[in-house]
Amino acid sequence: MNKDKPVIIWLLSGCFLIFIMVVVGGITRITDSGLSMVNWNLFMGAIPPLNNLQWEELFALYQQSPEGKKLNYNFTLSEFKYIYFWEYLHRMIGRLLGLVFIIPFIVFLIQKKLNNRLIKQCVILLILGGMQGAIGWWMVKSGLINNPHVSHYRLSIHLIIAFLTCAFTFWVALPLIYTKQLKGNKKISKLLLVYFILVIIQIIYGAFVAGLDAGEGFNSWPKMHGEWIPEAVYIDANGYNPIWFLEHQWGVQFIHRKLAFVIFIFTFYLWNKGRKSKLNIIQRKSLNLIALLVMGQSIIGVLTLIYVTPIALASMHQIIAFFLLMSIVYSLFLFKKIKLKTDP
């Protein structure tokens, strides 16, 4: 029996909860629910409204927010309850995640189940978790002052920190699961690192697309309304946009689409390199998994665009992106020669 099994279960439980939080966060964004809770209380506010008076008080606060005044001024209480539910659920999962990380960490420290390396890694995870909570509020606050929309930059930071926190948690767990020395492959390991960076950039652009509602136009594929590079990509209402690739919604969509082509081609270049190399069956299967996920992601991405970002397809698109990143982390571990034994 693996003596690190409790720690492994703890770390993988954290990964699972981050995954759930990413899914709920995606739905929160798609349903425009993120600005429904106008206050942030770290220790208070865990109990939802329990009677109609409490609901009316929260609704009145929302009606005074920029979104309540400028966009949803005709909202009914029942409509408000719907968007409040998703943001409330998202925040409660965040609190649960904090407890799931902190309490077992303290217990394992007392029981001396963590070696020096694991303690340092877990401290990094706790810092990332704390940062994520602060960044989440920083993101929401950008839509509570004047403009009833959250900053797409802050949204992308919030999303990518969640993905990277889960990736690092998984990376910490893997040496505890695989206790034998692994034979790496330097060439494929380097390719996987480049691939990892490309996918991270693509996830960031996915957040830009969501934050700028850039999926609500040019809903055709492979061309954008019959053109490969329409003028609207780099020209906005004020003329030429010098930072069209960061702040112009159609420019952002264009980059997201073209980067998808690059990743698709790179995926099968990587897969072919693996096919021609002497790999063990686990390594080979990890590359097969990446290729399958990319094919599925490509199909779902095109359908999400064509059908103008329905909730189910948009959520699935984000879910597959999550699993793709975790599969790359898994492959990086398998191909990078690592000395698994560590000093206590």
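Just so it is clear, the structure is predicted and the values come from calculations on it, not from any experiment.

A.B. asks: How should I be thinking about the nonpolar core in this particular structure?
C.D. replies: Generally speaking, nonpolar side chains in soluble globular proteins are found buried as a group. With 71 residues, the main nonpolar core has Tyr195 and Leu325 as its most contacted residues. Of all the secondary-structure elements, those providing two or more residues to this core are α1 (5-30), α4 (77-111), α5 (116-141), α6 (152-177), α7 (186-211), α9 (249-275), α10 (281-306) and α11 (311-335). A per-element tally of this core places α11 first, with 14 residues. When sequence neighbours within four positions are dropped, the list of residues in contact with Tyr195 reads Ile263, Phe266, Thr267, Leu270, Ile290, Val294, Leu324 and Ile328. Judged by nonpolar contacts, the second largest core, of 10 residues, contains Trp55, Leu77, Phe80 and Tyr88.

A.B. asks: Explain the packing of aromatic side chains here, please?
C.D. replies: The geometry of an aromatic ring pair is captured by the separation of the ring centres together with the interplanar angle, meaning the angle of the planes. Scanning the entire structure with this criterion turns up 28 aromatic pairs. Judged by centre distance (6.1 Å) and plane angle (65 degrees), the ring pair of Trp10 and Phe101 falls under edge-to-face. Of the two residues, Trp10 is situated in helix α1 and Phe101 in helix α4; the sequence distance between them amounts to 91 residues. Between Tyr205 and Phe208, the aromatic rings sit 5.2 Å apart at their centres with planes inclined by 70 degrees, giving edge-to-face as the arrangement. Within this pair, Tyr205 and its partner Phe208 are both found in helix α7, separated by 3 residues, close to a single helical turn. The exposure class assigned to Phe208 is buried, which follows from its relative accessible area of 5%. One aromatic cluster is present, formed by Trp55, Phe59, Tyr62, Phe75, Phe80, Tyr84 and Tyr88 through successive ring pairs.

A.B. asks: Explain the pattern of salt bridges to me, please; I cannot follow it from the model alone.
C.D. replies: For side chains of opposite charge, pairing can occur when their charged atoms come near one another. A full pass over the atoms with the stated rule returns 3 salt bridges. For the salt bridge of Arg29 with Asp32, the shortest nitrogen-to-oxygen distance reads 2.9 Å. Classification of Arg29 by relative accessible area gives buried; the value is 18%. For Asp32, a relative accessible area of 43% translates into the label partly exposed.

A.B. asks: Hey, could you run me through the packing of α7 against α11 in this one?
C.D. replies: Packed helix pairs are specified by the crossing angle of their axes together with the interaxial distance, meaning the distance between the axes. It is at 9 Å that the axes of α7 and α11 come closest, and there the two elements cross at 160 degrees. One way to sum up the angle between α7 and α11 is to call them roughly antiparallel. The two elements α7 and α11 cross, and the hand of that crossing is left-handed. The residues of α11 that touch α7, namely those facing Ile188, Ser189, Leu192, Leu193, Tyr195, Phe196, Val199, Ile200 and Ile203, are Ala321, Leu324, Leu325, Ile328, Val329, Ser331, Leu332 and Phe335. Counted by class, the contact of α7 with α11 contains 15 nonpolar, 2 polar and no charged residues.

A.B. asks: Would you mind going over α6 with me for this structure?
C.D. replies: An α-helical turn contains 3.6 residues, so a residue and the one three or four places further along point in the same direction. In a regular helix each residue adds 1.5 Å, so 26 residues correspond to 38 Å; α6 covers 37 Å between its end C-alpha atoms and thus fits that length. Among the 26 residues that make up α6, 19 are buried, leaving the element largely enclosed by the rest of the structure. Where α6 begins, the capping side chain belongs to Ser151, and its oxygen is found 3.2 Å from the backbone nitrogen of Tyr153.

A.B. asks: How should the environment of Asn41 be read in this particular structure?
C.D. replies: Assignment of secondary structure puts Asn41 in the loop between α1 and α2 (52-63). For Asn41 and Asn238, which are 197 residues apart along the polypeptide, the C-alpha to C-alpha distance reads 40 Å.

Rules used in this analysis
Residues numbered from 1 in each chain as written. Predicted model: local features only at pLDDT ≥ 70, side-chain atom pairs only at ≥ 80, totals over all residues. Heavy atoms only, no water. Core = buried A, V, L, I, M, F, W, Y, C linked by side-chain atoms within 4.5 Å. Buried < 20%, exposed > 50% of the residue type's maximum accessible area, 1.4 Å probe, protein only. Helix = DSSP H or I, 4+ residues; strand = E, 2+ residues; numbered from the N terminus. Contact = heavy atoms within 4.5 Å. Phe/Tyr/Trp six-rings, centres within 6.5 Å; stacked < 30°, edge-to-face > 60°. Salt bridge = Lys/Arg side-chain N within 4 Å of Asp/Glu carboxyl O. Axes fitted to C-alpha atoms, helices over the stretch in contact; angles between N-to-C directions. Parallel < 35°, antiparallel > 145°, perpendicular 65-115°, else oblique. Left-handed = near helix turned anticlockwise from the far one by under 90°. Nonpolar A, V, L, I, M, F, W, Y, C, P; charged D, E, K, R; others polar. Expected span 1.5 Å × (residues − 1). Polar contact = N/O pair within 3.5 Å; in protein donor to acceptor, adjacent residues only side chain to side chain.

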